[in-house]
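What the coordinates show
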There are 2 protein chains.
Amino acid sequence: MYCCIKTILTINSGGLMNRHLIIIGGVAAGTKAAAKARREDKNLKITIYTNEEYISYSACGIPYYIENLVVSSDSLLIKSIKSFEEIDDVRIKTLHSVEKIDTEAKKVIVKNMQTNEIFEDEYSKILVATGASPIVPNIPNVHAENVFTVRNINDAIKIKQAAAKSKRAAIIGSGYIGIEMIESLNSLNIKTVLIEAQHQIFPMLDEDVALEVQKYLEVEKNTEIVLNDSAVDFEVNNKGKVVRVLTKKGKTFEVDLVILAVGVVPNTCLAKDSGIELGFKNAIKVNSRMETSLKDIYAAGDCAETYNIATKSPDWIPLGSTANKQGRVAAINICGGNEEFRGVLGTAITKVFDFNIALTGISEKVANKLGIAYITSTTKSRDKASYMPDSKRIIIKVLAEKNTEKIIGAQIIGKGDVAKRIDVIATAITAGMTIDEFGDIDLSYAPPFSMAIDPILIAVEALKKS
Amino acid sequence: MYCCIKTILTINSGGLMNRHLIIIGGVAAGTKAAAKARREDKNLKITIYTNEEYISYSACGIPYYIENLVVSSDSLLIKSIKSFEEIDDVRIKTLHSVEKIDTEAKKVIVKNMQTNEIFEDEYSKILVATGASPIVPNIPNVHAENVFTVRNINDAIKIKQAAAKSKRAAIIGSGYIGIEMIESLNSLNIKTVLIEAQHQIFPMLDEDVALEVQKYLEVEKNTEIVLNDSAVDFEVNNKGKVVRVLTKKGKTFEVDLVILAVGVVPNTCLAKDSGIELGFKNAIKVNSRMETSLKDIYAAGDCAETYNIATKSPDWIPLGSTANKQGRVAAINICGGNEEFRGVLGTAITKVFDFNIALTGISEKVANKLGIAYITSTTKSRDKASYMPDSKRIIIKVLAEKNTEKIIGAQIIGKGDVAKRIDVIATAITAGMTIDEFGDIDLSYAPPFSMAIDPILIAVEALKKS
């Protein structure tokens, strides 16, 4: 994790480089930018400094590794250090922490975390791609060895080891990670309780939609869900292991394992200390070229702000897809190109067991918060011809702006195919399509894939009656 | 099948009706229109005349019924006659052939095909939804009892019965039906040869894309495919059953069963005889309100022309999804509303075994024919994170107009998820999105559903380099 430190020790000059891109952080945005920058500029010197042991891994794949769907943690490594160094000529410095950016001298101060050596390195451009870190709530014994956040490869390996010896677990928080971990732990025969402080699970969804997910988990998957309550104490045994979770309302759960999944915060101490302006939710403020407030310093990925096309305002929605796109745009601009990242809709998808959850754009909750007048419909359909043996149910909630009738958001859940449908709606929102224009889309139909009139066409049509 | 007859016999007057909608044809467009018209107008008298035995069936589901995926032919019946009559108050007259539309007297002449009784019935509006019929090529013994077209429920039942006693089959033609029947027959352990007159299978695809489908069928599914050749003789045994297919180039195939799948033609004799103007490929000429050239007469479904949004010209692409939409638009306008059907992109999807084939908009072939200057890219990707155990390959070919850089078409094939991707591109084409605008779409990502940057974003991005 990136921390704020103030003391600078002796430095070891890297020598003046005319063109040296230093990338701070080596997961999605950082490695994507390195690869893209190399393709854009064959002669640019590129260095990635990361305080982690691994680079270029898929954090999103961790729940599937824990579940043994992905057999080896190596599979989560998208591109090897060797490949970066030998093929792309990118210097990779793992377990190296950038302690400060000296924007006047155009140097970074770096600490080798294994030797404690401190040195400096000159840059012409910097990409800050320091990511985000899980929030660790202030609960007694939260740092016990069997309490885990789910963020990096080491977390994944440690959870998998602990899970092998566990029979009962608590998951604190019910966002993407919390929901996905229900499946992971259940598949390892670990009885799991989900504890959520809000009055609904999966707070990105509207309450009515979240209730359907909750019903599925409780009724079909026998998952214990505790709402409106939060963990206030982790009781440990004499070996320092958490054995019991106590909640505010006095509930007690015996556990062998605790997963913390209460959200993430952007890693922006280094940026802040270096005088880079922060924006929405303390993420690094960037423009559409991924430029920060300081010259020659760019930011991308989970540490950076984004623009929400649906709400037309700055936002911070840390997701792997966005990190990759922002890294790409930053690299092009760093190399002298001119590319814009126009923003996100907060489109996201996940699954828990055989139940899919997808959303894009503005929920009813957000529309109310922003004072947007909207119309909404909720329709239940089959995802394909009902006579097909694998036809499954989906629920589609869609919103349009009341005055313009432009589609502004959707939530689609169920056992059927939601991925294609959320992506069609994301495309329509991006294009500014109205209810009427949407009705004209010629979507694909064959019995194994859809109904003759696709459920999303029916859902949007239903807005006319709302 | 609807035929052209000239002789009108005695008629039995139905009495003057102020508002009586007569729908001729009872499959997709006809029954959709009936149901919609009833919702729009509670007091309208509605009658469906169909020369078939069944109404409201899914013709698209027939291959899956033959394959035993859909267990009963009843499952293909979407809405029963009883439900139409008792709940929707729609009169259903099966095995009734409308012989003539008398537009001056505003009457139809109808023949009861079981009793041969001929009567007339007055209308205020007519919807012609007479569908399309399979082309039956002029080959000796083409009407033998073991030679089948694949169009209606009776075809389905007869093919299934014959298939149970068959070991070898020939499929003539490799469009949707031909391709789907390979799977159906193979699943019943019938060794099948596919005979296609053109130099590629699945002529809606570009040759390079079709070649990938062909390779899959030949290599992985051991399907015998004969190109550039056609059946010229069906040899029969002494019971009149076809036992051998002979081709133009002198090939011979022993068969127990022959499937004719060389395309369909619109059923427009009745319309033509009644003075209704025909258009593209002899389909009934309609405007966007589904009005024909004659007052109070509408047409919808496989018998009607459509407008191709991608080529910006009239077209005829008979598909179930379009039939449903046209039926709906016709019904709204018949009931005094004002709805338009703005056209199609020819979006279509099918599968053969575990290989999916989808297309939308303009192929390279069509672009060349129409003289459209285009750029194109073909990319191969995984459909989801490569470390997921069910990650599969897809091939994406996409086209954009050279000058405007607007996306105009795509073909996506492979074992992975192509449905969501073709629908996103269809949406983008409908919205008139350019390559740049497409790159901004925030598509959903999670390892079980996609790659961090969706393959279609990569495919469209690749157009920039082409």
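Residues numbered from 1 in each chain as written. Chains lettered and ligands numbered in written order. Predicted model: local features only at pLDDT ≥ 70, side-chain atom pairs only at ≥ 80, totals over all residues. Heavy atoms only, no water.

Here the focus is the environment of Asp121 of chain B. All names here are of chain B. Take Asp121: it is sitting in strand β6 (residues 118-122). Measuring from C-alpha to C-alpha, the distance between Asp121 and Lys100 comes to 11 Å, with 21 residues separating the pair along the chain. There is a polar contact of 2.5 Å between the side chain of Asp121 and the side chain of Tyr49. (Helix = DSSP H or I, 4+ residues; strand = E, 2+ residues; numbered from the N terminus. Polar contact = N/O pair within 3.5 Å; in protein donor to acceptor, adjacent residues only side chain to side chain.)

Turning next to the relation of the copies chain B and chain A. Each copy superposes on the other: chain B lies on chain A with an RMSD of 0.0 Å after a rotation of 180 degrees and an axial shift of 0.0 Å. Such a turn and shift between the copies fits a two-fold axis. Across chain B, the smallest distance between a C-alpha and the rotation axis is recorded for Lys420 of chain B, namely 1.8 Å. Interface overlap between copies is the fraction of interface residues in one copy that are interface residues in the other; for chain B against chain A it reaches 100%, indicating a shared surface. (Least-squares fit on C-alpha atoms with pLDDT ≥ 70 in both. Contact = heavy atoms within 4.5 Å.)

Bring the parts together and some accessible area is lost; that lost area is often taken as the interface size. On the side of chain A, 57 residues touch chain B, which itself brings 57 residues to the contact. Regarding the contact of chain B and chain A, the summed buried area is about 5000 Å², with carbon and sulfur atoms giving 62% of it. The interface formed by chain B and chain A includes eight salt bridges. Lys420 of chain B serves as the salt-bridge partner of Asp423 of chain A, at 2.7 Å between the closest nitrogen and oxygen. For the pair chain B and chain A, the number of links is 20 residue pairs in polar contact (both at pLDDT 80 or more). For the side of chain B that touches chain A, the elements supplying multiple residues, two or more each, are α8 (320-334), β21 (348-352), α10 (419-430) and α12 (455-463) of chain B. When its residues are assigned to classes, the side of chain B that touches chain A shows 29 nonpolar, 14 polar and 14 charged. (Buried area = accessible area lost by both parts, 1.4 Å probe. Salt bridge = Lys/Arg side-chain N within 4 Å of Asp/Glu carboxyl O. Nonpolar A, V, L, I, M, F, W, Y, C, P; charged D, E, K, R; others polar.)

Attention shifts here to the pattern of salt bridges. Residues and elements named next belong to chain A. All told, the structure shown has 60 salt bridges over all chains when counted by the stated rule. One salt bridge in this structure joins Lys397 and Asp208, with 3.1 Å as the shortest N-O distance. With Lys397 in strand β24 (residues 393-401) and Asp208 in helix α6 (residues 207-220), this residue pair connects regions lying 189 residues apart in the sequence.

A few words now on the sheet that holds β6 of chain B. All names here are of chain B. In spatial order, the strands read β4-β5-β6; together these three strands make up an open sheet with antiparallel pairing. The open sheet has two edge strands with one neighbour each: β4 (96-102) and β6. Geometrically, the sheet is characterised by an average inter-axis angle of 30 degrees between neighbouring strands, direction not taken into account. Relative to strand β5 (residues 107-112), β4 is paired through six bridges, and the arrangement is antiparallel. The residue of β5 that forms the bridge with Lys100 is Ile109. (Pairing = 2+ DSSP bridges. Axes fitted to C-alpha atoms, helices over the stretch in contact; angles between N-to-C directions.)

The subject of this paragraph is the confidence of the model for chain A. All names here are of chain A. This prediction gives chain A a mean pLDDT of 94; 96% of its residues lie at or above 70. Every residue in residues 1-17 scores below 50 in pLDDT, and together they form 38 contacts with partners more than four places removed in sequence or on other chains. This complex was scored by the predictor with a pTM of 0.93 and an ipTM of 0.93. (pLDDT = per-residue confidence, 0-100.)

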